Amino acid sequence: MEFVTTETVPNREIDDSLGIARGNTVKARNVGRDITQSIRNITGGELKAYSELLSDARDEALERMADDASSMGADAVVNVRLESSEIANGGSEVIAYGTAVTLN
């Protein structure tokens with residue numbers, strides 16, 4: 001499965017548009033991370049545990065989007081976008097979406 005952020009796949013022709021493919025996940029912080037990250041927040045620097053948490057969430061959302069596109073019979077997803085939002089205190093949603101297409 002190919003993902004691109006553009007409207008076309010380089011060196012390929014789009015045969016058919018199948019609709020929106022999407023995948024999302026919601027991840028929450030945990031108490032252990034909160035303690036270590038609050039100390040880092042005071043001293044400055046990257047909050048690595050949170051960076052890793054969101055990176056894992058993005059990967060999972062993309063994987064779920066690929067599964068959704070595959071279930072539609074897609075070869076690729078174009079115009080891929082990622083968004084995140086806080087949905088609860090300490091919880092964030094990451095969603096990946098794009099247009100599932102078949103290629104010639």
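Residues numbered from 1 in each chain as written. Predicted model: local features only at pLDDT ≥ 70, side-chain atom pairs only at ≥ 80, totals over all residues. Heavy atoms only, no water.

1. Section: the sheet that holds strand β2 (residues 14–28)
Then step 1. Strand order in the open sheet formed by 4 strands is β1-β3-β4-β2, and the pairing between neighbours is mixed. Strands with a single pairing partner mark the edges of an open sheet, and in this sheet they are β1 (2–3) and β2.
Then step 2. As defined by bridge partners, strand β3 (residues 76–88) adjoins strand β4 (residues 91–103) across 10 bridges and the pair is classed as antiparallel. Among the inter-strand pairings, leucine 82 is bridged to a residue of β4, identified as alanine 96. (Pairing = 2+ DSSP bridges. Helix = DSSP H or I, 4+ residues; strand = E, 2+ residues; numbered from the N terminus.)

2. Structural notes on the nonpolar core
Then step 1. In terms of nonpolar packing, the biggest core is built from 11 residues, these being Ala21, Ala57, Ala61, Met65, Ala69, Ala74, Val77, Val80, Val94, Ala96 and Ala100.
Then step 2. Mapped by element, the contributors of at least two residues to this core are α2 (48–71), β3 and β4.
Then step 3. It is α2 that contributes the most residues to this core, 4 residues altogether.
Then step 4. Not counting residues up to four positions away in its chain, the partners in contact with methionine 65 are Phe3, Ala21, Arg22, Gly23, Val77, Val80, Ala96, Tyr97 and Gly98.
Then step 5. Counting 6 residues, the second largest nonpolar core, distinct from the first, contains Ala76, Val78, Val101 and Leu103. (Core = buried A, V, L, I, M, F, W, Y, C linked by side-chain atoms within 4.5 Å. Buried < 20%, exposed > 50% of the residue type's maximum accessible area, 1.4 Å probe, protein only. Contact = heavy atoms within 4.5 Å.)

3. A look at the pairing of β3
Then step 1. In this structure, β1 lies alongside β3, joined through 2 bridges in parallel fashion. Among the inter-strand pairings, phenylalanine 3 is bridged to a residue of β3, identified as valine 77.
Then step 2. Count of turn residues in the β3/β4 antiparallel hairpin: 2 residues, of which glycine 90 carries a positive phi of about 90 degrees.

4. Structural notes on the environment of methionine 72
Then step 1. Considering the arrangement of structural elements, one finds methionine 72 in the loop between α2 and β3.
Then step 2. Taking C-alpha positions, methionine 72 is 8.9 Å from valine 101, a pair spaced 29 residues apart along the chain.
Then step 3. Setting aside its immediate chain neighbours within four residues, methionine 72 contacts Leu18, Ile20, Ala21 and Ala100.

5. Quick look at the side chain of threonine 25
Then step 1. Mapped onto the fold, threonine 25 is located in strand β2.
Then step 2. Of note is the side chain of threonine 25, whose polar atom sits 2.9 Å from the side chain of glutamate 60.
Then step 3. Beyond its immediate sequence surroundings of up to four residues, threonine 25 is in contact with Ala57, Glu60, Ala61, Arg64, Ser92, Glu93 and Val94. (Polar contact = N/O pair within 3.5 Å; in protein donor to acceptor, adjacent residues only side chain to side chain.)

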